[in-house]
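Chains, contacts and geometry: an overview
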Amino acid sequence: MPKIRVLEKYCKGCGLCVPACPKKILYLPEEVDRRGVHVVKVHAEIPCTACLNCTTMCPDAALEVDE
Ligand code: SF4
Ligand code: SF4
């Protein structure tokens, strides 16, 4: 199964990737990191199809998909 990885230090919590995922795998959590950023999180139980919509949408190259 493809695995989506968040490169947390590059994520600025803009949320652009969230609606880009047709499987609704990505979400912004309530909590912030030490920068005050809502770093995007992954619903790991939902299968990723490696469509790469999220990596295409992210302006900061904060997402990687291992196929
Ligand atoms: S590759 Fe596609 S299915 Fe997988 S997390 Fe990104 S948008 Fe969602
Ligand atoms: S689009 Fe990129 S920077 Fe924005 S929330 Fe998603 S992973 Fe983070």
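In this report, we go over the structure that sits alongside the text. Everything numeric in this text was worked out from a predicted model, so none of it was measured.

**Observations concerning the site of ligand 2**
Close contacts around ligand 2 come from 13 residues, with Cys-11, Cys-14, Cys-17, Cys-58 and Ala-62 the closest. Residue composition of the shell around ligand 2, by class: nine nonpolar, two polar and two charged.

**Comments concerning the nonpolar core**
Formed by Ile-4, Cys-11, Cys-17, Cys-21, Ile-25, Leu-26, Val-40, Cys-48, Cys-54, Cys-58, Ala-62 and Leu-63, the largest nonpolar core amounts to twelve residues. Discounting residues that sit within four places of it in the chain, Cys-54 has contacts with Cys-17, Ala-20, Cys-21, Leu-26 and Leu-63.

**Observations concerning the site of ligand 1**
The full set close to ligand 1 counts 14 residues, and Cys-21, Cys-48, Cys-51, Asn-53 and Cys-54 are the nearest of them. Residues belonging to the shell around ligand 1 are distributed by class as follows: eleven nonpolar, two polar and one charged.

**Re unusual backbone geometry**
Backbone geometry at Lys-24 places phi at a positive 55°, although glycine is not the residue there. The residue Lys-24 is located in the loop between α1 (17–20) and β2 (26–27) in this model. Lys-24 gets classed as exposed once you count the C-beta atoms within 10 Å, which come to 10. For Ala-61, which is not a glycine, the phi torsion comes out positive at approximately 50°. Within the element layout of this structure, Ala-61 appears in the loop between α2 (53–57) and β4 (63–66). Classification of Ala-61 as exposed rests on a count of 10 C-beta atoms within 10 Å.

Cut-offs and rules
- Residues numbered from 1 in each chain as written.
- Chains lettered and ligands numbered in written order.
- Predicted model: local features only at pLDDT ≥ 70, side-chain atom pairs only at ≥ 80, totals over all residues.
- Near = placed C-beta within 6 Å.
- Nonpolar A, V, L, I, M, F, W, Y, C, P; charged D, E, K, R; others polar.
- Core = buried A, V, L, I, M, F, W, Y, C linked by C-beta atoms within 7 Å.
- Buried ≥ 20, exposed ≤ 12 C-beta atoms within 10 Å, placed from the backbone.
- Contact = placed C-beta atoms within 7 Å.
- Helix = DSSP H or I, 4+ residues; strand = E, 2+ residues; numbered from the N terminus.

Spatial relationships are all this shows, so hold off on functional conclusions.
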